[in-house]
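Spelled out from the first residue to the last, the chains are:
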Amino acid sequence: MIDRLLFTIKGVREMLTRCTLFSLITAALLMGQAFCLTSALVNLWYNQPLFDQIPFLIGFFICLVARQFVDNAQSSQLESFACRKADEFRDALFEKLFDEGQRLVQDKGTGGFSTLLVEGIDQVEAYLRMILPRMTKLVIVPVMLLVLLFLLHWVSFLHTTFSGYPNPCRAH
């Protein structure tokens, strides 16, 4: 679930912009992979020589390796961002503990407060690392694939977009 409070954290909007850029690049590379691999397979289906498919296979592997580099770059940026934010939250929580001291521990309990310090901040860190790229890829990749499908074969685009999943009742 995406919480609206996520966008109140300083730096999330900039990281979301970066994730959007990474998702656009990933989607373009994914389309390159799909195009190269399907071209090679269709050409082989029509009995064209395997040697003629080598450029398509090389293009597929180049897109695959480039996509891995992009994913690794995005992961490293998200890792440093999430660690930095978790440290900031942990410091703010310690500061609040020292400011309000005994009253805060009495209200929350020592077990609850230590659990919040140890597990809660780690969960926030994992959430920040996970939700931003998933959110952008979930929106950008399918839209770009539909645009490519429209450009390549608009009839398939209409069928894919408006037919939905096959209805088992209409199969007979």
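Please read all numbers here as calculations on a predicted model, not as lab measurements.

The rules behind these values
Residues numbered from 1 in each chain as written. Predicted model: local features only at pLDDT ≥ 70, side-chain atom pairs only at ≥ 80, totals over all residues. Heavy atoms only, no water. Helix = DSSP H or I, 4+ residues; strand = E, 2+ residues; numbered from the N terminus. Contact = heavy atoms within 4.5 Å. Areas by Shrake-Rupley, 256 points an atom, 1.4 Å probe, with all protein chains shown as cover. Salt bridge = Lys/Arg side-chain N within 4 Å of Asp/Glu carboxyl O. Buried < 20%, exposed > 50% of the residue type's maximum accessible area, 1.4 Å probe, protein only. Core = buried A, V, L, I, M, F, W, Y, C linked by side-chain atoms within 4.5 Å.

1. Focus: the overall build of the chain
Here is step 1 of the chain: A tally of helices and strands in the chain yields 4 helices and 0 strands.
Here is step 2 of the chain: In the chain, the order of α-helices and β-strands from amino to carboxyl end is α-α-α-α.
Here is step 3 of the chain: In the chain, once contacts between residues fewer than 6 apart in sequence are set aside, the share between residues at least 24 apart is 75%.
Here is step 4 of the chain: As displayed, the chain has an accessible area near 12100 Å², and 68% of this comes from carbon and sulfur atoms.

2. A closer look at the pattern of salt bridges
Here is step 1 of the chain: Under the counting rule described, the total for this entry stands at 6 salt bridges.
Here is step 2 of the chain: Residue Lys 137 pairs with Asp 71 through a salt bridge whose shortest N-O separation is 3.3 Å. A residue pair is termed long-range when its members are at least 10 positions apart, and Lys 137 in helix α3 (residues 110–152) and Asp 71 in helix α2 (residues 54–108) qualify at 66 residues.
Here is step 3 of the chain: Look at Asp 71 and you get buried, because its relative accessible area is 17%.
Here is step 4 of the chain: Among the salt bridges present, the one from Asp 122 reaches Arg 90, with a minimum N-O distance of 3.2 Å. Here Asp 122 is found in helix α3, whereas its partner Arg 90 is found in helix α2, with 32 residues between them in sequence.

3. Looking at unusual backbone geometry
Here is step 1 of the chain: Even without glycine at this site, Asn 47 takes up a positive phi of about 60°.
Here is step 2 of the chain: Within the secondary structure, Asn 47 sits in the loop between α1 (12–45) and α2.
Here is step 3 of the chain: Judged by relative accessible area, Asn 47 falls into the exposed class, the value being 69%.

4. Thoughts on the side chain of Gln 33
Here is step 1 of the chain: Inspection of the secondary structure puts Gln 33 in helix α1.
Here is step 2 of the chain: Taking relative accessible area as the criterion, Gln 33 reaches 7% and is therefore assigned buried.

5. Things to note about the nonpolar core
Here is step 1 of the chain: By size, the foremost hydrophobic cluster in this structure holds 13 residues, and its most contacted members are Leu 6, Val 12, Met 15, Phe 81, Leu 128 and Leu 132.
Here is step 2 of the chain: Elements supplying a minimum of two residues to this core: α1, α2 and α3.

6. Observations concerning the side chain of Gln 74
Here is step 1 of the chain: Inspection of the secondary structure puts Gln 74 in helix α2.
Here is step 2 of the chain: Of the residues examined, Gln 74 reaches a relative accessible area of 3% and is grouped as buried.
Here is step 3 of the chain: When neighbours within four sequence positions are excluded, Gln 74 is seen to be in contact with Cys 19, Phe 22, Pro 133 and Lys 137.

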